[in-house]
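# Examination of the molecular architecture
Chain by chain, the residues:
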Amino acid sequence: MTLLPSPETATSGHPSTARHYLMCRPEFFAVSYSINPWMDPARGADAATAVRQWEALRQAYESLGHTVSLIDPIEGLPDMVFAANGALVVEGRVYGARFAHRERAAEGPAYLRWFADRGYETLEASFTNEGEGDYLTLDDMILAGTGFRTDVAAHMEAQEFLGRPVVTLRLVDPRFYHLDTALFPLDGRNVAYYPEAFSAGSRRVLERLFPDAVLASAADAEVLGLNAVSDGRNVVVNVEATGLSLELKRRGYEVVPVDLSELRKSGGGPKCCTLEIR
Ligand code: ARG
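Computed from a predicted model, the values in this text were never measured in an experiment.

### A closer look at the pattern of salt bridges
One pass over the structure, following the stated rule, counts 22 salt bridges. The shortest N-O distance in the salt bridge between E276 and R19 comes to 3.3 Å. Placement of the pair is E276 in strand β15 (residues 275-276) and R19 in the loop between α1 (7-11) and β1 (20-23), with a sequence separation of 257 residues. Residue E276 is classed as buried on the basis of its relative accessible area of 11%. Overall, the relative accessible area of 18% leaves R19 in the buried class. R250 is the partner of E247 in a salt bridge, and the nearest nitrogen-oxygen pair spans 3.1 Å. Here the residue E247 and the residue R250 both occupy positions in helix α7 (residues 242-250), the gap between them amounting to three residues, near one helical turn. Classification of E247 by relative accessible area gives partly exposed; the value is 22%. Salt bridges sharing partners connect three or more residues here, namely R19, E132, K271, E276 and R278.

The structure is reproduced here in structure tokens:
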């Protein structure tokens with residue numbers, strides 16, 4: 001039996017960088033409509049439990065040294081807790097969200113106003129897109145999902161506004177309806193993903209771009225383990241994603257487990273609750 005490389009050598013290669021996140025406390029959280037296969041209005045969800053779990057996530061970020069800003073929740077917008085969908089922010093430029101479903105339509109302008117009020121340069125989108133739910137930013141490119149929510153025309157619009165190459169990836173499994181349910185950046189150059197969530201061509205693109213990617217199993221994907229947030233070293237991930245967590249540790253990352261089971265009833269995890277301001 002061969003020994004694995006010592007974790008110390010791997011660890012030293014993963015520096016973290018301080019992040020700034022925007023979050024929205026789930027005071028009005030509910031599952032009162034269904035726009036993805038996770039959501040069952042008959043089963044519902046409990047806002048108080050969601051708030052408790054969300055507070056632990058926020059604390060995890062703060063104890064890692066990150067800054068968390070808050071946007072006020074709006075009554076009647078139960079999914080507003082999923083801040084990732086609110087916009088895409090790259091180098092201080094804010095590309096606004098334009099939601100696919102009318103139930104969430106009012107969230108786009110609310111998030112865009114938060115940024116405009118603080119002096120950011122904003123762009124109201126002409127095409128349907130759900131912010132960081134479908135756009136994940138790396139150093140030299142933005143990975144962009146399509147197939148369920150975000151229109152390919154919005155990929156082009158984001159590239160033009162942000163000046164960073166956008167790579168389109170097609171999602172094919174309705175359980176993984178946003179790119180951030182199937183893939184997360186480990187740092188500015190490498191990613192972890194669940195291959196089966198992507199079309200054959202997109203899988204080949206991912207293999208070419210990221211030969212060293214962490215590949216997740218169906219079991220990890222089904223607990224929304226890919227909906228994780230990494231600062232380059234610390235990976236905040238759903239506690240149930242045990243296989244993925246082991247592999248991350250083996251590669252020298254620090255795993256920070258969180259329990260967001262109540263938010264998963266709406267199809268969301270740690271990343272969905274987190275919009276990065278970069
Ligand atoms: N219920 C929400 C929806 O279907 C969940 C959004 C999760 N957000 C995310 N970034 N994946 O729109």
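From this point, things continue past the structure.
### Notes on the nonpolar core
A general tendency of soluble globular proteins is for nonpolar side chains to be buried together. Counting 38 residues, the largest nonpolar core has L143, L183, F184, F198 and L248 as the members making the most contacts within it. Residue assignment for this core shows that the elements contributing at least two residues are β8 (166-170), β9 (183-185), β10 (191-193), β13 (234-238) and α7. Beyond its immediate chain neighbours, meaning those up to four positions away, F184 contacts L136, V191, A192, G225, L226, A228, S230, V235, L244 and L248. Formed by 23 residues, the second largest nonpolar core is a distinct cluster that contains I35, M39, A60 and V81.

### Observations concerning the environment of V236
By secondary structure assignment, the location of V236 is in strand β13. As for V236 and R164, which are separated by 72 residues in sequence, their C-alpha atoms are 26 Å apart. Once residues lying within four places of it in the same chain are set aside, the contact partners of V236 are L57, Y61, L64, A228, V229, V256, V258 and P270.

### Notes on the sheet that holds β9
Ordered in space as β9-β10-β11, the three strands form an open sheet in which the pairing is mixed. Each edge of the sheet is formed by a strand with only one pairing partner; in this case those strands are β9 and β11 (214-215). Two elements, β10 and β11, share two bridges in a ladder whose sense is parallel. Within β11, the residue paired with Y193 across the bridge is L215.

Cut-offs and rules
Residues numbered from 1 in each chain as written. Predicted model: local features only at pLDDT ≥ 70, side-chain atom pairs only at ≥ 80, totals over all residues. Heavy atoms only, no water. Salt bridge = Lys/Arg side-chain N within 4 Å of Asp/Glu carboxyl O. Helix = DSSP H or I, 4+ residues; strand = E, 2+ residues; numbered from the N terminus. Buried < 20%, exposed > 50% of the residue type's maximum accessible area, 1.4 Å probe, protein only. Core = buried A, V, L, I, M, F, W, Y, C linked by side-chain atoms within 4.5 Å. Contact = heavy atoms within 4.5 Å. Pairing = 2+ DSSP bridges.

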